[in-house]
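Okay, here's what each chain looks like letter by letter:
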Amino acid sequence: MADILHLDHVTKTFRGGVVAVDDISLNIREGEFLTMLGPSGCGKTTTLRMIGGFEYPDSGSILLDGKDVTDAPPYQRPVNMMFQDFALFPHMTVAANIAFGLKIAGMPRAETESRVKEMLDMIELPQMGDRLPNQLSNGQRQRVALARALVRHPRILLLDEPMSALDAKLKEAMQVELRHIHDRIGITFIMVTHDQTESMIMSDRIIVMNRGRIEQVGSPTDLYDRPATAYVADFLGTSNMVPVTVTRTGDQVVAKAGEASFRIARHDGAIADGAAMTMFIRPEKIRLAVAGDDGNVFKGQVREVFFSGNAVRIDLDIGAGQVVMVHHQLDTALGDAGLPAAGDTVTCSVKPETISLFDRAQADAIVRGGAAA
Amino acid sequence: MNHARRHKMGFWVLFSAPMLWWVTVLLVPYLIMLSISFYSRQFPFHVPDFQFGNYAILLQDSQYWTVLLRSVKVSILVSLAAFAMGYPLAYFLAFKVRSERLRLFLYVATIVPLWVSYLLRAYTWKTILGSEGILNSFLMWIGVLDEPSSLFLYNEFAMVVTMAYIFTPFMVMPIYASLEKIPRSLIEASKDLGAGRFSTFLRITLPLTMPGVLAGFTFTFGLSVGDFVSPLLVGGPYSNMISNVIATQFGMAMNWPLGAALGVVMLFIVLGVITASDKLERAGRLNLG
Amino acid sequence: MKNRLLSTVGAAILAAGIAASGQAKADGELNVLTWEGYTDPSFVEGFEAATGCKVTPTYVGSNDEFPAKLAGGGGIYDLVSPSIDTTSIMIKAGFVEPIDTSRLEHWSEVYPQFSGHDGINVDGEVYGVPYTWGAIPFMYRADAFETAPTSITQLWDDPALAGKISLWDDKTNLYITARMLYGNDADIYDLSDEQLAEVRDKLIELKPKIRKYWASAGELVNLYANGEVTISNTWGGYQSALLAEQGIEMVEFIPEENADGWADSWQIVKGTPNEDCAYQWLNYAISPEGQCGVVNITGYSGSNPTALETCKTPEEMAALHQDDFGYIDSLVLWQEPARIDAYINTWNAVKAAE
């Protein structure tokens, strides 16, 4: 896929010296669904607004289809935005809202009308053209906002926290629908969200941002399974963060926590023998021991068991005060599962390639900074 | 004491004072004015009566029409001038001033003249607009004029300038309030959809501030049409306004019935303007939802 | 309980209202409704020191304000000083009370033409104490005219006067315009409707050349001082003197159409609680101190020539026409017009016209 948008060393500092976006470089591919993910204040919205033309970088440049648009106003960019509050014009009907961008462009009336109708059909609100925005539900408003932003056939659609105004049920449905619309029309989508689940459900690629910088870019599975930094590991999904001591013999790296020890398959090769590090293990990757398991096997004493419907969470004491969470998916009724009870000692296993190892100081900084999702 | 009675008593405790105020200083005087407008003039005073002679005089004698039309014309001009000055000012305050503190300062600076005596401010305009005033001196200094112009003071122009200056805050306040209520995302959305600044202003900002504009027009029109001071201070021989005529009827002419009839007519003009602007605003709000 | 609370509140509001609307109070303070200069501190201070009565003035700009202010619930005034054409209206309206002249030490020295005038004598009772008199001449800025104007026709005819004229906002303009149209012998106080219409049209014709109608002595002085106007009618002697103080030389003149004459009298407002102070003031007003005081300040002539002889040289007396009562007979002394409503309406129509 060819690149449609290129951000080159873009930096934006707000009045008062807050660096919102710090030297970001990024290529966005034609037709992809890209999500910028991060906590509030990480610079994702500012980046989006710079792409839309609502903010201008202090330095660096933005190229759209190879053309420099760094300082172009919004009305000179073939890019449209769906705003967080939808920003529907309250004094115009739904149809007039959708037609607005076409009217400005001087499109003939007949063509405008057919394009608007086409859009109303696409968002499945064919009868709502004469309504005013305040006569619509939140979900309907979002669809109208989407139609209005797409009617001009922009090169890129920007979505600023599109789901934040919706309730949980509607949110799930819209996530899927938006994804479908993207796949159908083939326009590049760039979305901003702080919701990691949403980002993984919808995106081709995710950019995790932190303090104005990019932590990692990759597909959802890349990011989830192979986080590049402790920050990404912590921000996406749930993780056990276990302080460990590493022993290294040649390429063999083993992390020790309490009485358990874990072989590590993925590491950057620079790990020193005896280093104090933090080990990240996804709770669902730990399995109650099965015969013939080829993973790391360790023992722990059950402290507590929490039932949550489709799964149980088991807190295991692996010695030296270290507690590890295990998510165990239930494929039978609870009574038949033969689950351990508090006080039992159980054997578990985890595959080496699912474990990530990060610098202790880096991991501690995340815990202290409270940046966990 | 049961709940309902206690509730009723609370109502009276809370509202008796404002209601008494409303009845004694608003309703009763208006009723008195209305009844006097039907009295008969009998030198040197008037006698209670019920006849429409005073209204007939207002209809027949063209001097009252002349003054009435002039008052309405001047008030419309004042409102337009206040709008022309007030809207950009409110826009600047609401949209262009980024610092909260500076905005507050400028807003207060706009409003604070209202605490300065009207007379003082009107006199100030006299010293600006007069034949030997600041404006003439300036225009002569920069060479636009060879000799002082008498066109600036003692005419309708001076009245409109003075009143527009004095009443502009009443235009700025409601427009500022309605501008502040516009989510910035609407402006951005318009630009995002290809509209430039001017187009965005005409299609989005202005329509959304119409309630504020209407309120501003209603204020400035109402204040100007009843103005009594500026015709005396900066107006000229052709500047008599309806309030001056009413004052003359209650004063010099001692013709209270005729003055009261004029007062009633003026009351209805102002009520008409308020009703019209209310209707327009409602229609607009229906549109806005 | 509730009712008693309400009635208490009501009574309190009523009481406050009465206090605020202010019946004149018997506290030795004289509230006077008068012309600028008539209670100047320069000579009122002496009166206040001698009697303990304090004088608080409110100024009028036109005679019509006297009855109007009293009709508008003006019970706060103790004394008024209208001109001789308005004193009779005050009497008819019942605003003023008869004066016991035996309580006035200098009464016999007052010009009999004034003390015996119909305007203040009704049914054998005296209702006013004459104070000052003078003319309503015209005046012009000496530096603005090469040849002295002599007739008010020049206001209409001289194009150079466009925008340079000021006229008093008063019905007196009808009188002189009527004399211009119908001759000096016309009965200007009993004009017909047709004549009033002609006078009105003539004055409307002059409007484009008028800069401003003046409504107070101070306003006219400012109009001259700020270079706005060069010619106007005036309260003879007073405003020209104020302008002279500012270094602006004014020339007063009696035009060919003659000038109105006026005479102002003090009247006691009916029911004043400060009657003693009021009589003290009436006495003072025609005493040497009062007469010299007001004549010095206003430049008008005084009603008691005997009193003025104590402070004026014979030359000054001559300049004030105090030695020559024939002068006042030559002026057209104001009187109440036969149909005052029609006159006021005519003047209002002039002001209203486009």
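What counts and how
Throughout, residues of each chain are indexed from 1 in the direction in which the sequence is written. Here every chain gets a letter starting at A, and every ligand a number starting at 1, in the order they are written. Owing to the predicted nature of the model, reporting of local features is limited to residues with pLDDT of at least 70; listing and counting of side-chain atom pairs is limited to 80 or more, with chain, interface and lining totals taken over all residues. Working definition: helices are DSSP H or I runs of at least four residues, strands are E runs of at least two. Numbering for both runs from the N terminus. Both definitions apply: the radius of gyration is a C-alpha atom measure, and the globule rule equals 2.2 Å times residues to the power 0.38. Field definition: a residue is buried when 20 or more other C-beta atoms are found within 10 Å of its C-beta, exposed when 12 or fewer are, and partly exposed for counts in between, with C-beta atoms placed from the backbone. For two strands to pair, DSSP has to find at least two bridges joining them. Here the axes come from fitting lines to C-alpha atoms, over the contacting stretch only for helices, and the angles between their N-to-C directions go from 0 to 180 degrees. Marked domain ranges trace back to an automatic or database domain assignment. Along the chain, pLDDT gives the predictor's confidence residue by residue, from 0 to 100. Placing C-beta atoms from the backbone, we regard two residues as in contact once those atoms come within 7 Å. Following the grouping adopted for this structure description, the nonpolar residues are Ala, Val, Leu, Ile, Met, Phe, Trp, Tyr, Cys and Pro, the charged ones are Asp, Glu, Lys and Arg, and the polar ones are all others, Gly among them. Here the angle decides the label: under 35 degrees means roughly parallel, over 145 means roughly antiparallel, 65 to 115 means roughly perpendicular, and every other value means oblique. Helix crossings are classified by the rotation of the near helix relative to the far one: an anticlockwise turn of less than a right angle makes the crossing left-handed, while a clockwise turn makes it right-handed. Convention used here: a crossover is right-handed provided that the path from the first strand, over the helix, to the second strand proceeds clockwise when the strands point away from the viewer. The nonpolar core criterion groups buried Ala, Val, Leu, Ile, Met, Phe, Trp, Tyr and Cys residues into a set whenever they are joined through C-beta atoms within 7 Å. Helix span, as expected, comes to 1.5 Å for every residue beyond the first. Comment: arc refers to directions from the helix axis out to C-beta atoms.

1. So, the overall build of chain C
Secondary structure summary: chain C contains 16 helices and 15 strands in total. Against the globule reference of 20 Å for 354 residues, chain C gives a C-alpha radius of gyration of 22 Å, in line with a compact fold. Along the first, second and third principal axes, the C-alpha set of chain C runs to 75 × 55 × 40 Å. Classification of the 354 residues of chain C by burial places 48% in the buried group.

2. Overview of the sheet that holds strand β12 (residues 250–253) of chain C
The strands making up a sheet associate through backbone hydrogen bonding, with each pair oriented either parallel or antiparallel. Residue and element names in this part refer to chain C. Strand order in the open sheet formed by five strands is β10-β9-β11-β8-β12, and the pairing between neighbours is mixed. Of all strands in the sheet, those with a lone pairing partner are β10 (210–214) and β12, marking the two edges. Averaged over all adjacent pairs, the angle separating strand axes in this sheet is 20°, with direction ignored. With two bridges joining them, strand β9 (residues 165–168) and strand β11 (residues 231–233) adopt parallel strand pairing. Residue pairing across strands places Ile165 opposite Ile231, the latter belonging to β11.

3. Observations concerning the domain arrangement of chain B
When cut into domains, chain B gives domain 1 (1–32) and domain 2 (52–288). Spacing between the C-alpha centres of domain 1 of chain B and domain 2 of chain B amounts to 35 Å.

4. A look at the confidence of the model for chain C
Residue and element names in this part refer to chain C. With 92% of its residues at a pLDDT of at least 70, chain C reaches an overall mean of 88. Taking the mean pLDDT of every element in chain C, the minimum, 38, falls on helix α1 (residues 2–21) and the maximum, 97, on helix α8 (residues 193–206). This stretch, residues 1–23, has a pLDDT under 50; its non-local contacts, to residues over four places away or in other chains, come to four contacts. Predicted as a complex, the structure gets a pTM of 0.81 and an ipTM equal to 0.85.

5. Quick notes on the arrangement of the chains
The pair of protein chains exhibiting the most contacts, out of two pairs of chains in contact, is chains B and C. At the C-alpha level, the nearest point of chain A lies 44 Å from chain C, with no contact between them.

6. Topic: unusual backbone geometry
All names here are of chain A. We note that Ala87 has phi near 50°; this positive angle belongs to a residue other than glycine. Assignment of secondary structure puts Ala87 in the loop between β6 (79–82) and α2 (94–104). Positive phi values are uncommon outside glycine, yet His153 reaches one of about 50°. Mapped onto the elements, His153 comes out in the loop between α4 (138–150) and β7 (156–160). Classification of His153 as exposed rests on a count of 12 C-beta atoms within 10 Å.

7. As for the environment of Ala20 of chain A
Residues and elements named next belong to chain A. Within the element layout of this structure, Ala20 appears in strand β2 (residues 18–29). In this structure Ala20 comes out as buried when scored by C-beta crowding, with 21 C-beta atoms within 10 Å. Between the C-alpha atom of Ala20 and that of Pro154, which follows or precedes it by 134 residues, the distance is 26 Å. Setting aside its immediate chain neighbours within four residues, Ala20 contacts Lys12, Thr13, Phe14, Gly43, Thr46 and Gly212.

8. Points about the domain arrangement of chain C
Residues and elements named next belong to chain C. Per the domain assignment, the segments of chain C are domain 1 (23–133 + 262–323) and domain 2 (138–258 + 335–352). One C-alpha centre belongs to domain 1, the other to domain 2; they are set 26 Å apart. Contact residues are listed per partner, giving 13 residues for domain 1 and twelve residues for domain 2. Residue classes in the side of domain 1 that touches domain 2 are distributed as three nonpolar, seven polar and three charged.

9. So, the packing of α2 of chain A against α4 of chain A
All names here are of chain A. Two elements in contact, α2 and α4, have axes separated by 7 Å at closest approach and are oriented at 25°. By the criterion of interaxial angle, the relationship of α2 to α4 is roughly parallel. As α2 packs across α4, the resulting crossing turns out to be right-handed. For the pair α2 and α4, contact is made by Val94, Asn97, Ile98, Phe100 and Gly101 and by Val144, Ala147 and Arg148, respectively. Grouping the amino acids of the contact of α2 with α4 by side-chain chemistry returns five nonpolar, two polar and one charged.

10. Concerning the interface of chain C and chain B
The interface of chain C with chain B comprises 29 residues on the first partner and 24 residues on the second. When residues in the side of chain C that touches chain B are grouped by element, the largest group, six residues, is from helix α16 (residues 340–352) of chain C.

11. Let's talk about the sheet that holds strand β12 (residues 252–257) of chain A
All names here are of chain A. Strand order across the open sheet formed by five strands is β13-β12-β11-β14-β20, with antiparallel pairing between neighbours. Edge positions in the sheet fall to β13 (260–264) and β20 (356–359), since each has one partner strand and no second. Within this sheet the neighbouring strands show an average axis-to-axis angle of 40°, counted without direction.

12. Considerations on the pairing of strand β2 (residues 54–59) of chain C
Residues and elements named next belong to chain C. Pairing between strand β1 (residues 29–34) and β2: six bridges, direction parallel. Pairing of Leu33 across the sheet is with Thr58, part of β2. Crossover connection from β1 via helix α2 (residues 41–51) to parallel β2: handedness right-handed.

13. What to know about the nonpolar core
With 154 residues, the main nonpolar core has Ala158 and Val234 of chain B together with Leu79 and Trp281 of chain C as its most contacted residues. Excluding residues that lie within four positions of it along the chain, Trp281 of chain C makes contacts with Leu30, Phe47, Cys53 and Leu79 of chain C. In terms of nonpolar packing, the next biggest core, distinct from the first, is built from 99 residues, Ile51, Met82, Phe86 and Ile98 of chain A among them.

14. Quick word on helix α4 (residues 100–111) of chain B
In a regular helix each residue adds 1.5 Å, so twelve residues correspond to 16 Å; α4 of chain B covers 17 Å between its end C-alpha atoms and thus fits that length. Of all twelve residues making up α4 of chain B, only zero are buried, and the element is barely covered by its neighbours.

15. Some words on the interface of chain A and chain B
Listed as interface residues are 21 residues of chain A and, on the opposing side, 18 residues of chain B. Contributing elements (two or more residues each) for the side of chain A that touches chain B: β6 and α2 of chain A. No other element matches α2 of chain A, which puts three residues into the side of chain A that touches chain B.

16. Re the packing of helix α9 (residues 217–225) of chain C against helix α10 (residues 238–245) of chain C
In helix packing, the relevant descriptors are the interaxial angle and the interaxial distance, both defined with respect to the helix axes. All names here are of chain C. Where α9 meets α10, the axes come as close as 10 Å, and the angle between the chain directions of the two elements is 45°. Comparing the axis directions of α9 and α10 gives the class oblique. For the pair α9 and α10, the crossing hand works out as right-handed. Across the interface between the two elements, Ala217, Leu220, Val221, Tyr224 and Ala225 from α9 touch Tyr238, Gln239, Leu242 and Leu243 from α10.

17. Things to note about helix α11 (residues 275–285) of chain C
All names here are of chain C. Taken as a whole, α11 has its buried residues at Cys277, Ala278, Trp281, Leu282, Tyr284 and Ala285. Taken down its axis, α11 places every buried residue within 165° of arc, on the same side. Packing partners of the buried residues in α11 comprise β1, α2, β3 (79–80), β7 (129–136), β13 (260–269) and α12 (288–298).

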